[in-house]
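A structural walkthrough
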Amino acid sequence: MQEKQSIHGAWANRWIFILAATGSAVGLGNIWKFPYITGENGGGAFVLVYLVCILLVGVPIMMGEVLVGRRARQSPINAMREIAVESGHSAKWSFVGIMGVLSGFMIFSFYSVVAGWVLHYVAGMASGDFVGIGSEDAGKVFNGLLGDWKTLLIWHSIFVVMVMTVVAGGVNKGLERATRIMMPALFVLLLVLLGYSMNTGHFGAGWNFLFQFDLSKLSWDAVLVALGHSFFTLSLGMGAIMAYGSYMPKKASISSTVLTIAGMDTLVALIAGLAIFPIVFANGMDPGAGPGLMFVTLPVAFGQMAGGQIFGFLFFVLIAVAAWTSAISLMEPAAAWLVETFGMKRSTSCVLLALTVWGLGIMALGSFNFMSDVTFFGMNTFDFLDFATANIMLPLGGIFISLFVGWFVKKRVNLDELALEENGLFYTWYISIRFIAPVAVSIIFLVNLYQKIAG
Ligand code: TRP
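All figures in this text were calculated on a predicted structure; none of them were measured in a lab.

Turning next to the overall build of the chain. Looking only at helices and strands, one finds 18 helices and two strands in the chain. The C-alpha radius of gyration computed for the chain amounts to 21 Å, which stays within 12% of the reference 23 Å derived for 455 residues, consistent with globular compactness. If one aligns the C-alpha atoms of the chain with their principal axes, the spans along those axes are about 65 × 50 × 45 Å. Counting only residues that meet the buried cut, the chain has 60% of its 455 residues in that class. Relative to all contacts within the chain whose residues are 6 or more apart in sequence, the contacts with residues 24 or more apart total 82%.

So, about the pattern of salt bridges. With the rule as written, the count across this model stands at 11 salt bridges. Between D137 and K140 there is a salt bridge, with the nearest N and O atoms lying 3.9 Å from each other. One end of the pair, D137, and the other, K140, are both in helix α6 (residues 135-147), three residues apart, so they sit about a helical turn from each other. Residue D137 is classed as partly exposed on the basis of its relative accessible area, which comes to 41%. The exposure class of K140 is exposed, given its relative accessible area of 54%. Residues joined by salt bridges that share partners form a network here, namely R70, R71, E86, K250, D416 and E417.

Below, the discussion takes up the nonpolar core. For soluble globular proteins, the rule of thumb is that nonpolar side chains tend to be buried together. With 170 residues, the main nonpolar core has W11, W117, M294, F295, F315 and F316 as its most contacted residues. If you tally residues by element for this core, the top one is helix α5 (residues 94-126), at 18 residues.

Around the ligand, the surrounding shell holds 17 residues, and the nearest of these are A25, G29, Y111, F232 and S235. Take F232: an N or O atom from its main chain is 2.8 Å from a nitrogen atom of the ligand. Contact distances for the ligand include 3.0 Å between a nitrogen atom and a side-chain N or O atom of S235. Protein chains bury 100% of the 370 Å² of accessible surface belonging to the ligand in isolation. Among the elements of the structure, α1 (14-25), α2 (28-40), α5, α10 (220-233) and α14 (308-342) are those that each provide at least two residues to the shell around the ligand. A per-class count over the shell around the ligand returns nine nonpolar, eight polar and no charged.

Turning next to helix α15 (residues 346-366). Taking 1.5 Å of rise per residue, 21 residues should cover 30 Å, and α15 covers 30 Å from first to last C-alpha, within 8% of that figure. Taken as a whole, α15 has its buried residues at R346, S349, C350, L353, A354, V357, G361, A364, L365 and G366. On its buried side, α15 packs onto α5, α7 (149-168), α8 (170-200), α14 and α16 (381-408).

Turning our attention to unusual backbone geometry. Even without glycine at this site, S235 takes up a positive phi of about 60°. If you trace the backbone, S235 turns up in the loop between α10 and α11 (240-245). We note that A419 has phi near 55°; this positive angle belongs to a residue other than glycine.

On to the packing of aromatic side chains, then. As enumerated under the stated definition, the model contains 42 aromatic pairs in all. Relative to F295, the ring of Y121 lies with its centre 5.2 Å away and its plane at 70°, an arrangement referred to as edge-to-face. Of this pair, Y121 sits in helix α5 while F295 sits in helix α13 (residues 293-304), and the two are 174 residues apart along the sequence. Stacked on the ring of F232, the Lys or Arg K33 has its end atom at 4.2 Å from the ring centre.

Mapped onto the elements, A178 comes out in helix α8. A sequence separation of 155 residues divides A178 from G23, and the C-alpha atoms of the two residues are 9.5 Å apart. Apart from the residues lying within four places of it in its own chain, the contact partners of A178 are V166, M183 and I328.

Packed helices, taken two at a time, are described by the angle their axes make and the gap between the axes. Viewed as axis vectors pointing N to C, α8 and α14 meet at an angle of 145°, and their least axial separation amounts to 9 Å. At the point where α8 passes α14, the crossing takes the left-handed sense. Residues V171, L175, A178, M182, M183, L186, L189, L190, V192 and L193 of α8 touch α14, and the partners they reach there are F311, L314, F315, L318, V321, A322, W324, T325, I328 and E332.

Let us now look at α16. Its maximal kink placed at T389, α16 deviates by approximately 35°. By the criterion of burial, α16 is predominantly enclosed, with 21 of the 28 residues buried.

Another aspect to go through is the side chain of T233. Tracing the chain through its elements places T233 in helix α10. In this structure the side chain of T233 is engaged in a polar contact, spanning 3.3 Å, whose partner is the side chain of N30. Beyond its immediate chain neighbours, meaning those up to four positions away, T233 contacts A25, N30, Y50, I54 and D265.

Criteria and thresholds
- Position numbers for residues start from 1 in each chain and track the written sequence from start to end.
- Local features in this predicted model are restricted to residues whose pLDDT is 70 or higher, and side-chain atom pairs enter the listing and the counts only when it is 80 or higher, whereas totals over whole chains, interfaces and linings include all residues.
- Excluding hydrogens and water, the side-chain figures rest on all heavy atoms present in the structure.
- The helix count covers DSSP runs of H or I at least four residues long, the strand count covers runs of E at least two residues long, and both are numbered beginning at the N terminus.
- Radius of gyration: C-alpha atoms only; globule rule: 2.2 Å multiplied by the number of residues to the exponent 0.38.
- For every residue, the accessible area (1.4 Å probe, protein chains only) is compared with the maximum for its type, and the residue is labelled buried under 20%, exposed over 50%, or partly exposed between those bounds.
- Note on contacts: a residue pair is in contact if any heavy atoms of the two residues lie within 4.5 Å.
- Salt bridge criterion: a side-chain nitrogen from Lys or Arg within 4 Å of a carboxyl oxygen from Asp or Glu.
- In plain words, nonpolar cores are sets of buried Ala, Val, Leu, Ile, Met, Phe, Trp, Tyr and Cys residues tied together by side-chain atoms within 4.5 Å.
- Put simply, a residue is near a molecule or strand once any heavy atom of it comes within 4 Å of that molecule or strand.
- Polar contacts, as used here, are pairs of N or O atoms within 3.5 Å; protein pairs need one atom able to donate a hydrogen and one able to accept it. Residues neighboring in sequence count only if both atoms are side-chain atoms.
- Residue burial considers only the protein chains on display, and all accessible areas are found by Shrake-Rupley using a 1.4 Å probe.
- Side-chain classes follow a simple rule in which Ala, Val, Leu, Ile, Met, Phe, Trp, Tyr, Cys and Pro form the nonpolar group, Asp, Glu, Lys and Arg form the charged group, and the remainder, Gly included, forms the polar group.
- What a helix is expected to span follows from its residue count: subtract one and scale by 1.5 Å.
- Ring pairs shown here join Phe, Tyr and Trp side chains whose ring centres sit within 6.5 Å, with only the six-membered ring taken for Trp; geometry is labelled stacked below 30 degrees between planes, edge-to-face above 60, and tilted in between.
- Placement of a charge over a ring requires the Lys NZ or Arg CZ to be within 6 Å of the ring centre, with the centre-to-atom vector within 35 degrees of the ring normal.
- Note on definitions: angles span 0 to 180 degrees between N-to-C directions of axes, and those axes are lines fitted to C-alpha atoms, for helices only across the stretch in contact.
- The handedness criterion is simple: a crossing whose near helix is rotated anticlockwise from the far helix by less than a right angle is left-handed, and one whose near helix is rotated clockwise is right-handed.
- Two axes are fitted around each residue, one to the seven residues ending there and one to the seven starting there, and the angle between them is reported as the bend at that residue.

See below:
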């Protein structure tokens, strides 16, 4: 039988798929968000819950997404429909893909704003703005940037164009090429920074903060944040990994590739934490400083050190690269869908999508200045987009995907795609995706929703 191919192309080999998916997974979530939410939620206990969520919920759902994408070889909306129909169910399952495209837009819009901050800091580091800066002044610089909508708009626009250009290049000349160049660079930069933190920061204090599991500090809220983050950091719940899976070689094993991707993503988050917290503690700063953590603490640290201008520059380049390879995966599912469904040229579809997310992003960046009094449920637009996606839409997407793969896709199909016999490995996954993942996500999700409404 001729192997089914995606009309968009295919990854050259299994490692390109692993690196591309890791590129999607490793992003602002790992380097910016993970350290600051860990700080806000008291450290160790939060990290432990996060690790459990990755293993028990993230990995099985990621396998489910890859499985559906690779079998259908289409964008998430069409893939969900096709696989549902194949197993004798309603074509309406495509709504999971539609919700995913919507989540992708929403994530992109605030993601691009943060990426814009990063680009601004790349330029600032290059021109020596932070040499010798103290923590108070660094705070002022960051807040000054948030208030300056014109500067934010310029960087946001540049980032949207960067992402659009890669996605418009297609799977091989765009996504794959970007992966081949940027992923090795990312790993090298990360290790250099870890080395710096081990030599100059309070490494022991940073380590203890991350790995001393004090469960008494844990709240329901923190559990929800940890769960939401495990979806966010693995790029799950909206079809990004499903889209990447649709370009994956048939021969490659889904379970081992997914474990590799999740492992690398987790490793990068922990290394980022180990790079940032020792610096935070060495400078007597507050680990619970919130979203500004990385943008205030790191410039101070780099500002004090010999060669800090270069290292600081490199570090923000690293984050920019990570954000770039992730944002690509936020646009790819919608781009592929427009091409498949309306026969649109890829470049046209990318321009349309870029315009849409650019507009939404302006609302997100306005949260800090001209739109600061616009709120949704007590949150500004930026926080609302983050909350609504990471804590509601992605977990919801995850529940639907796990129920779909666990209960609606035929067992034979699952066995076939995973290339497994009915053995222990298969049943471990099958139990996770049928019971553990949907039940755990639903409970945490409902408890939290109840608290939001009641509280
Ligand atoms: N995982 C990325 C990060 O950690 C963000 C991201 C990219 C994402 N694609 C996604 C999140 C799809 C959710 C869904 O920064």
